[in-house]
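Residue-level structure breakdown
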Amino acid sequence: MAVSIRNLGAALGAEVGGVDLSKPVARDDVEAIEGVWRDRLVVVFHEQTLTDPQLIAFSKYFGELDPPGPNPYGEPFNKQHPELNVISNVVEDGKPIGNLGDGEAVWHADMSYVEVPPKAAMLHSLEVPPPEAGGNTYFANMFAAYETLPADLKKAAEGKIALHDASTNSAGMLRKGYRQVTDVRDVVGARHPLVRTEPMSGRKALFLGRRPNAYVSGLPVPESEALLDALWARATQARFAMCQEWKVGDLLMWNNLSVLHRRDPFDPKTRRVMHRSQIKGDERVA
């Protein structure tokens, strides 16, 4: 049965139904899912019950899996399937079973601190807090954010290169093997243009990565801070965003190079467990 597609009433996002991701997916349906992922940037599937091997198998329809970035503890959370990451606040026997805890995860694109960032990510919810406890995830459309920039801000961003810091994750936790940044001009990480051109369509999008410790190469630090503050203020406006209110069995797939995402904090007395895959990138951001 062919998939059904319903666009969400926001600047991005679509729900896809009519498919059981625990089973092999027909090629035509894979192509339809990839098409809506390119067009709407975030794809939402509901009521999916997946084992880790099934999540891996579905992810591989869209490319080679990219291993998770380094976490603060220096070893995989999912030892049976280290190509997957675990996002959780749960602590068992005094040790976290996953990354990011229960605090806020700030706006970011995943692993923008590497030369070729992953092109897509998937997040499958296994346990979620009740709606009133928090933990919602937001996504913002960076094509729309760029296209609506004032002319002077577009001109200021054009041709500029930003340094993307690798030292901390989106929850602000220092990764194992890195030291705290004290001067943004000395950050360790990749350099990418502030404005990315999508190869297939030629459309332009902001590519901001993460605000903490970012630096625009060659500018005095105050000028870099002012430019980045202006771009971030535009990029994260509600009119460019959607909100995912999680239920058990939801699976989200998003275009990592074309959106930013963030997470609300949630009640630490509740449990949140999600398994995550990401698809290796095939382009240097340009």
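Preceding this paragraph is the structure being described.
All values reported here derive from a predicted model rather than from experimental measurement.

1. Examining the sheet that holds strand β12 (residues 191–193)
If you walk across this open sheet you meet the three strands as β12-β11-β15, and the pairing is antiparallel. Edge positions in the open sheet fall to β12 and β15 (215–216), since each of these has one partner strand only. The pairing of strand β11 (residues 161–163) with β12 spans three bridges and is classified as antiparallel. Bridge pairing links Ile 161 to Pro 193 in β12.

2. Details of helix α5 (residues 221–235)
Its 15 residues give α5 an end-to-end C-alpha distance of 21 Å, which sits within 8% of 21 Å, the value for a rise of 1.5 Å per residue. The complete set of buried residues in α5 reads Ser 224, Leu 227, Leu 228, Leu 231, Trp 232, Arg 234 and Ala 235. Along the long axis of α5, the arc covered by the buried residues comes to 160°, so they all point the same way.

3. Digging into the pairing of strand β19 (residues 273–279)
Counting buried positions over the seven residues of β19 gives seven, a clear majority of the element. Side chains Val 273, His 275, Ser 277 and Ile 279 of β19 all project onto a buried face; the interleaved residues Met 274, Arg 276 and Gln 278 project onto the opposite face, where all are buried too. Inspection of the sheet shows strand β4 (residues 85–88) paired to β19 by four bridges, in the antiparallel sense. Residue pairing across strands places Asn 85 opposite Arg 276, the latter belonging to β19. Where strand β9 (residues 120–127) meets β19, seven bridges bridge the pair, whose relative direction is antiparallel. Within β19, the residue paired with Leu 123 across the bridge is Arg 276.

What counts and what doesn't
Residues numbered from 1 in each chain as written. Predicted model: local features only at pLDDT ≥ 70, side-chain atom pairs only at ≥ 80, totals over all residues. Heavy atoms only, no water. Pairing = 2+ DSSP bridges. Helix = DSSP H or I, 4+ residues; strand = E, 2+ residues; numbered from the N terminus. Expected span 1.5 Å × (residues − 1). Buried < 20%, exposed > 50% of the residue type's maximum accessible area, 1.4 Å probe, protein only. Arc of directions from axis to C-beta.

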